[in-house]
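Residues per chain, in single letters:
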Amino acid sequence: MALDKNQIAKRIAQELKDGYYVNLGIGIPTLVANYVPEGIEVTLQSENGLLGIGPFPHPDKVDADLINAGKQTVTYVDGASFFDSATSFGMIRGGHIDLTILGAFEVSEEGDIASWKVPGKLVKGMGGAMDLVAAAKNIIVAMQHTNKGASKILKQCTLPLTGVKCVKKVVTDLAVLDITPQGFKLIERAPGVTVQEIIAATEGKLIVEGDIPEMNI
Amino acid sequence: MNKVVKNAEEAIKGISDNMTIMFGGFGLCGIPENVINILATTSIKGIICISNNCGVDDFGLGKLLKNKQIRKMIASYVGENSEFERQLLSGEIEVDLIPQGTLAERIRAGGAGIPAFYVPAGYGTEVAIGKEAREYNGKMHILEHGLTADYAVVKAWKGDTQGNLIYKYTASNFNNMMATAGKITIAEVEELVPAGSLDPNFIHTPGVFVQRIFQGVNYEKRIEQITVTKPN
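The sections below set out a description of the structure shown in this document. Sequence order as written defines residue numbering, which begins from 1 separately in each chain. To read the labels, note that chains go from A and ligands from 1, taken in the order they are written. With pLDDT at 70 or above as the cut-off, local features in this predicted model cover only qualifying residues; side-chain atom pairs require 80 or more to be listed or tallied, and sums for whole chains, interfaces and linings still use all residues. Based on all heavy atoms of the structure, the side-chain values leave hydrogens and waters out of the count.

1. Concerning the overall build of chain A
Counting from the N terminus, the helices are the DSSP runs of H or I reaching at least four residues and the strands are the DSSP runs of E reaching at least two. When helices and strands are counted, chain A shows five helices and 15 strands. In terms of C-alpha radius of gyration, chain A reaches 17 Å, essentially the compact-globule figure of 17 Å for 217 residues. By principal-axis analysis of the C-alpha atoms, chain A measures approximately 50 × 40 × 30 Å. Looking at chain A residue by residue over its 217 residues, the buried ones come to 57%. Only C-alpha atoms enter the radius of gyration; for comparison, a globular chain is expected to reach 2.2 Å times N to the power 0.38, where N is the number of residues. The cut-offs for exposure are 20% and 50% of the maximum accessible area for each residue type, with area from a 1.4 Å probe on protein chains only; residues under the lower value are buried, those over the upper are exposed, and the others partly exposed.

Below, the structure is given as structure tokens:
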């Protein structure tokens, strides 16, 4: 069975390490916050100027001055701090954020990512995505493996790029893939999904070595 | 020296057609509502607008957009606005999309007297087209330039008569840098207090950057997405 969005988030949460400062993109990445493993403390960064994002507020605590990058109302945890956008991206660009998790339309075997623009459709803008992929120490992409049967795990991206040679790991509804100098390396498969199915759904170069374990969701 | 003006109307004196104006805020959070509302009642047009976003259809910068007062938008993300989409597709408005961190740093640099700098963001993408690229520490970077504006309009939580400003929560966002990058910076604040009332240890924007300040009225502080945790 292919994973649903929450299961993808749950699998990515297994990559978190104690003490990490993490930036979560909009969509599936946001869900990762719900699955932080027991005994691990991570600090969530919001590009609009908050380190230490808390849960959504209770209805009587909603504050227009306290939002996340998705413009949703949030709270902050003990030990949080607020700052301006230049400082926020200084944290990102300066390599102080350990891990960035974001979505994508396409990823290439060299680690290129396309996530912001579909020609012919309205261009809304890249927001902070280009800054994040160009600078974070470790980038994990959460995405669907295919779109209407067409692979999104490619030799080369077909859509305008967000960044080049930057993605380190991809977690899809079918598989966990590491990006290596030789191409995508299959690390794990979704429960019940065969290696053959993953090979068929992957256009980019896929390295399969030995037995591929199932994800532990 | 008197930086205090009565209201938004007095604060915008001197703003005329075709000027470059920065507006603080992220989404609708921390936007200078009073100045935007008063500009929307004027015939000022041809504005080159520098702001991370462009409001929503009927609020924030969306009001200036609807009146066709904006000629060019310099932003990182302009979704949530169908009028923007219409004007863009019909060629009525120009847009320059810039990675958010680069936009923030260009404004910071402009205010700090730094004409240009290198960043990795956008290398290898269409953002890098026509820009000088250079390798530093084994990584490719592109040359970006500082940004300044004829006017910068910012919103703060508290301010004093010297122009010192304090922002609340995530409402600092672009306001803090933009305050430094306007030839004339207008600050509207929720609470204006006499000099000496704010603890100098906790000032975010020092008063030197602010030329005009006033206490705003009737803040709507609209929220784009109210998300809550249901009480048990």
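Having seen the model, we can carry on.
2. Remarks on the overall build of chain B
For chain B, the helix and strand inventory stands at six helices and eleven strands. Computed over the C-alpha atoms, the radius of gyration of chain B is 18 Å, within 12% of the 17 Å expected from 2.2 N^0.38 for a compact globule of 232 residues. The C-alpha extent of chain B, read off along each of the three principal axes, is 55 × 50 × 40 Å. Put simply, chain B has 232 residues, and 54% of those count as buried. Should any heavy atoms of two residues lie within 4.5 Å, those residues are considered in contact. Once local pairs closer than 6 in sequence are excluded, the contacts in chain B between residues at least 24 apart make up 71%. When the accessible surface of chain B is split by element, carbon and sulfur atoms take 49% of a total near 9,800 Å². The positive count covers Lys and Arg only, the negative count covers Asp and Glu only, and His and the chain ends enter neither. In plain terms, the charge of a residue is placed at NZ if it is Lys, CZ if Arg, CG if Asp and CD if Glu. Within chain B, one finds 23 positive and 25 negative side-chain charges whose respective centroids are separated by 2 Å. All accessible-area figures derive from a Shrake-Rupley calculation using a 1.4 Å probe, and residue coverage is judged against the displayed protein chains alone.

3. Let's talk about the sheet that holds strand β1 (residues 21-24) of chain A
Residues and elements named next belong to chain A. Two strands are said to pair when DSSP picks up at least two bridges between them. Here we have ten strands laid out as an open sheet, ordered β4-β3-β2-β1-β5-β8-β12-β13-β14-β15, and mixed in their pairing. This sheet does not close on itself; its edge strands, each paired only once, are β4 (76-82) and β15 (206-207). In this sheet, strand β13 (residues 175-180) lies alongside strand β12 (residues 169-171) in antiparallel orientation, the contact comprising three bridges. Opposite Val170, over in β13, you have Leu177 as the bridge partner. Strands in contact with helix α3 (residues 85-93) are β1, β2 (43-46) and β3 (50-53); relative to β2, the strand with the most contacts, it is inclined by about 125°. Axis lines are fitted to C-alpha atoms, over the contacting stretch for helices. Their N-to-C directions set the angle, which ranges from 0 to 180 degrees.

4. A word on the nonpolar core
Generally speaking, soluble globular proteins have nonpolar side chains that are buried together. Within the largest apolar cluster, 50 residues are counted, with the highest numbers of intra-cluster contacts made by Val22, Val107, Val141, Val167 and Val170 of chain A. Here Val22 of chain A is in contact with Leu16, Val42, Thr43, Leu44, Gln45, Ile97, Leu99 and Ile101 of chain A, once residues within four sequence places are set aside. Take the buried Ala, Val, Leu, Ile, Met, Phe, Trp, Tyr and Cys residues and link them wherever side-chain atoms come within 4.5 Å; each set so joined is a nonpolar core. Formed by 45 residues, the second largest nonpolar core is a distinct cluster that contains Trp116 and Met130 of chain A together with Ile47 and Ala75 of chain B.

5. Looking at the interface of chain A and chain B
At the junction of the two partners, chain A supplies 47 residues and chain B supplies 50 residues. Buried area: the accessible surface (1.4 Å probe) lost by two parts on joining, summed over both. Of the roughly 4,000 Å² buried at the junction of chain A and chain B (both faces included), carbon and sulfur atoms supply 62%. Summed over the three residues of chain A that lose the most area to chain B, namely Asp65, Lys71 and Lys124 of chain A, the buried surface amounts to 19% of that side. One speaks of a salt bridge when a side-chain nitrogen belonging to Lys or Arg is within 4 Å of a carboxyl oxygen belonging to Asp or Glu. Linking chain A with chain B are three salt bridges.

6. Points about the pattern of salt bridges
Under the defined criterion, the tally for this structure stands at 23 salt bridges over all chains. As a salt-bridge pair, Asp150 of chain B and Lys183 of chain B come within 3.2 Å of each other at their nearest N and O atoms. Taken as a pair, Asp150 of chain B in strand β8 (residues 149-160) and Lys183 of chain B in strand β10 (residues 182-193) lie far apart in primary sequence, 33 residues in all. For Lys155 of chain B, the salt bridge is made with Glu190 of chain B, and the minimal N-O distance between the two is 2.8 Å. Taken together, the residues Lys155 of chain B in strand β8 and Glu190 of chain B in strand β10 connect sequence positions 35 residues apart. A single salt-bridge network, built from bridges that share partners, covers Arg11, Glu15, Lys169, Asp178 and Glu188 of chain A.

7. Here we look at the packing of aromatic side chains
Note on aromatic pairs: the rings of Phe, Tyr and Trp (six-membered ring only in Trp) are paired at centre separations within 6.5 Å, and the planes decide the class, stacked below 30 degrees, edge-to-face beyond 60, tilted for the rest. What the rule picks out here adds up to four aromatic pairs over all chains. Ring geometry for Tyr76 of chain A and Phe82 of chain A: centres 5.3 Å apart, planes at 80°, overall edge-to-face. A residue is classified by how much of its surface remains accessible, and Phe82 of chain A, at 28% relative accessible area, is partly exposed. A centroid spacing of 5.6 Å and a plane angle of 45° characterise the contact between Tyr76 of chain A and Tyr169 of chain B, whose relative ring orientation is tilted. Taken as a pair, Tyr76 of chain A in strand β4 and Tyr169 of chain B in the loop between β9 (165-166) and α6 (175-181) lie in two separate chains rather than in one. Of the residues examined, Tyr76 of chain A reaches a relative accessible area of 39% and is grouped as partly exposed. Owing to a relative accessible area of 25%, Tyr169 of chain B belongs among the partly exposed residues under this scheme. Linked through ring pairs, Tyr76 and Phe82 of chain A together with Tyr169 of chain B together constitute an aromatic cluster. Two thresholds decide whether a charge sits over a ring: the Lys NZ or Arg CZ must be within 6 Å of the ring centre and within 35 degrees of the ring normal. In this structure, Lys155 of chain B packs its charged tip against the face of Tyr219 of chain B, placed 5.0 Å from the ring centre. One Lys or Arg, Lys168 of chain B, reaches over the ring of Trp157 of chain B and ends 5.4 Å from the middle of that ring.

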